[in-house]
Amino acid sequence: MRAAGNLLALTMQEVLNRIEPGAKDGDVDRFAEEFIRSHGALPAFKGYNGYPKTLCMSFNEQVVHGIPGNRRIKEGDLIGIDCGVILNEYYSDMARSVYVGGEPPRRIKQLMEATQSALASGIENMREGKRLGDVSSAVQTQAEAHGFSVVRSLVGHGIGTSMHEEPQVPNYGSPGTGPEIKNGMVFAIEPMVNMGRYAVKTLPDGWTIVTADNSLSCHFENTVAATPDGPEILSRVQSAVNI
Ligand code: MF3
Ligand code: CO
């Protein structure tokens, strides 16, 4: 799973380098698919429940599962990019959000920082002896700190030889509740944070989830293992992967 996470993080780095005004989302998607395949892995999303692409690219009020096509990226877009790979049968899943065109306005910057802190805080609780509710509540607390709201109807998940395994990892909850975390467990922790209210709806394409109030939304995700040395982010570029 380290190797899968490493390749995924490398892919994300390359993808993020290609996000610029004028670029077409479908071209970025094609690049990602080729990059993944040329490294001996498979795009995890393509074909998953009929999902047609390698990336999910979710613009502005889109929360997740936006389908890349013919949309041109422009200055001022806030884009969530979600990607998964399968390497040697193991899955990794990660998402980043980027603001296009320089420094984001103050409130957007706050939204992005709140989402990243929520993810970091969830990761910090990914320790043997803690409970699932500790992760969820840590995520929620950070996400809501500046008056933002955390999406309820979509959750993180266990991950391993399938993309979605038990348990579900909600982005809200109560400390000290739920199953105990054990070393060796791996979760995809993925807060989705809205500037407005938490309600979402699905567009007629059957995939794209948008905020019900059309407010902006932000998504960050990492694949994280509980280990005897503490939480380990698997979806990151590693200088050496030895397994
Ligand atoms: N990253 C998403 C998740 O964690 C997966 C995208 S769903 C897909 O659930 F259908 F697009 F693959
Ligand atoms: Co996920």
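Fair warning: this is a prediction, and the values are worked out from it, not measured in the lab.

*Asks:* Before we go on, may I ask you to explain the overall build of the protein in this structure?
*Replies:* A tally of helices and strands in the protein yields four helices and 15 strands. For a compact globule of 243 residues, the expected C-alpha radius of gyration is about 18 Å, and the protein comes in at 17 Å, within 12% of that figure. Its C-alpha atoms put the protein at 50 × 45 × 35 Å along the principal axes. Pairs at least 24 residues apart make up 68% of the contacts formed inside the protein by residues separated by at least 6 positions. With an accessible surface of roughly 10,600 Å², the protein has 47% of that area assigned to carbon and sulfur atoms. For the protein, the distance from the average position of its 22 positive side-chain charges to the average position of its 28 negative side-chain charges is 4 Å.

*Asks:* Looking at this model, I keep getting lost on the nonpolar core. Mind explaining?
*Replies:* If you look at soluble globular proteins, the nonpolar side chains tend to sit buried side by side. By size, the foremost hydrophobic cluster in this structure holds 26 residues, and its most contacted members are Val15, Ile19, Leu55, Met57, Ile73, Ile79 and Ile81. Of all the elements in the fold, those that place two or more residues in this core are helix 1 (2-17), helix 2 (25-38), strand 2 (55-59), strand 4 (78-87) and strand 5 (90-99). At six residues, helix 1 tops the list of elements feeding residues into this core. The next biggest cluster of nonpolar side chains, apart from the first, holds 25 residues, and it includes Ala118, Val135, Phe220 and Ala226.

*Asks:* Got a minute to help me understand the packing of aromatic side chains in this structure?
*Replies:* Centre-to-centre distance and the angle between the planes together describe a pair of aromatic rings. Tallied over the entire structure, the rule returns two aromatic pairs. Ring centres of phenylalanine 31 and phenylalanine 35 lie 5.7 Å apart, and the angle between their planes is 35 degrees; on these two criteria the pair is classed as tilted. Taken together, the residues phenylalanine 31 and phenylalanine 35, both in helix 2 and four residues apart, mark about one turn of the helix. Residue phenylalanine 31 shares its accessibility class with phenylalanine 35, and that shared class is buried.

*Asks:* Before we go on, may I ask you to explain the packing of helix 1 against helix 2 in this structure?
*Replies:* Two measures define how a pair of helices packs: the angle their axes make with one another and the distance between the axes. Remark: helix 1 packs on helix 2, axes separated minimally by 10 Å, with the N-to-C direction vectors making an angle of 150 degrees. Between helix 1 and helix 2, the angle is such that the two are roughly antiparallel. The interaxial crossing formed by helix 1 with helix 2 has right-handed handedness. Between helix 1 and helix 2, the residues in contact are Leu7, Leu10, Thr11, Glu14 and Val15 and Val28, Phe31, Ala32, Phe35 and Ile36, respectively.

*Asks:* Can you help me understand the site of ligand 1 in this one?
*Replies:* The environment of ligand 1 is formed by 13 residues, the closest being Asp82, Asp93, His157, His164 and Glu190. Note that a nitrogen atom of ligand 1 is positioned 2.7 Å from one of the side-chain N or O atoms of aspartate 82. Within the side chain of aspartate 93, an N or O atom sits 2.9 Å from an oxygen atom of ligand 1. For ligand 1, the cavity whose grid points lie within 2 Å of the majority of its atoms is the largest pocket. Counted by class, the shell around ligand 1 contains six nonpolar, three polar and four charged residues.

*Asks:* Sorry, what's going on with the coordination of the cobalt ion (ligand 2) here?
*Replies:* By definition of the ideal shapes, four donors in a tetrahedron about a metal sit 109.5 degrees apart, and six donors in an octahedron sit 90 or 180 degrees apart. Ligation of the cobalt ion (ligand 2) by protein atoms is provided by Asp93 (OD), His157 (NE2), Glu190 (OE) and Glu221 (OE), these donors lying 2.0 to 2.2 Å from the ion. Between the donor residues of the cobalt ion (ligand 2), the gaps in sequence give the motif D-x63-H-x32-E-x30-E. Taken together, the residues span a long stretch of sequence, with histidine 157 in strand 7 (residues 156-158) and glutamate 190 in the loop between strand 9 (186-189) and strand 10 (192-194) at a distance of 33 residues. Since its relative accessible area comes to 4%, histidine 157 is described here as buried.

So, how was this worked out
- Counting from 1, residues in each chain are numbered in the order their sequence is written.
- As a convention, the first chain written is A and the first ligand written is 1, with the rest following in written order.
- Reporting in this predicted model follows two pLDDT cut-offs: at least 70 for local features of residues, and 80 or more for side-chain atom pairs to be given and counted; totals over whole chains, interfaces and linings ignore these cut-offs and use all residues.
- The side-chain figures draw on all heavy atoms in the structure; neither hydrogens nor water molecules are used.
- Secondary structure elements are taken from DSSP: a helix is a run of H or I of four residues or more, a strand is a run of E of two residues or more, and numbering for both begins at the N terminus.
- Only C-alpha atoms enter the radius of gyration, while the globule expectation follows 2.2 Å times N to the 0.38, with N the number of residues.
- The criterion used for residue contact is that any of the two residues' heavy atoms lie within 4.5 Å.
- Each accessible area value is a Shrake-Rupley result obtained with a 1.4 Å probe; residue values ignore everything except the protein chains displayed when judging cover.
- Counted as positive: Lys and Arg. Counted as negative: Asp and Glu, with His and the chain ends omitted from the count.
- To locate a charge, take NZ of a lysine, CZ of an arginine, CG of an aspartate or CD of a glutamate.
- Residues belong to a common nonpolar core when they are buried Ala, Val, Leu, Ile, Met, Phe, Trp, Tyr or Cys residues joined through side-chain atoms within 4.5 Å.
- Each residue's exposure class comes from its accessible area (1.4 Å probe, protein chains only) as a fraction of the maximum for that residue type: buried when under 20%, exposed when over 50%, partly exposed otherwise.
- Between 30 and 60 degrees the pair is tilted, below 30 it is stacked and above 60 it is edge-to-face, where a pair is any two Phe, Tyr or Trp rings, Trp via its six-membered ring, whose centres lie within 6.5 Å.
- Structural elements are reduced to axes, namely lines fitted to C-alpha atoms, with helices fitted over the stretch in contact, and the angle between N-to-C directions of any two is expressed from 0 to 180 degrees.
- Note on terminology: angles under 35 degrees are roughly parallel, angles over 145 are roughly antiparallel, angles of 65 to 115 are roughly perpendicular, and the others are oblique.
- Left-handed describes a crossing in which the near helix is turned anticlockwise from the far one by less than a right angle; the clockwise case is right-handed.
- Any residue with at least one heavy atom within 4 Å of a molecule or strand is counted as near it.
- Pairs of N or O atoms within 3.5 Å make up the polar contacts considered here, provided that, within protein, one atom can donate a hydrogen while the other can accept it, and that residues adjacent in sequence are counted only when both atoms are side-chain atoms.
- Here a cavity means grid points, on a 1 Å grid over the protein atoms only, where a 1.4 Å probe fits yet cannot get out; a pocket means an open set of points with protein on both sides within 12 Å along at least five of seven lines; lining residues are those with an atom within 4 Å of a point.
- For a molecule to be placed in a cavity or pocket, more than half of its atoms must lie within 2 Å of the grid points of that cavity or pocket.
- Side-chain classes follow a simple rule in which Ala, Val, Leu, Ile, Met, Phe, Trp, Tyr, Cys and Pro form the nonpolar group, Asp, Glu, Lys and Arg form the charged group, and the remainder, Gly included, forms the polar group.
- Distances decide who is a donor: an N, O or S atom must be within 2.8 Å of the metal, or within 3.2 Å for Na, K and Ca. Water is not included, so sites may look incomplete.

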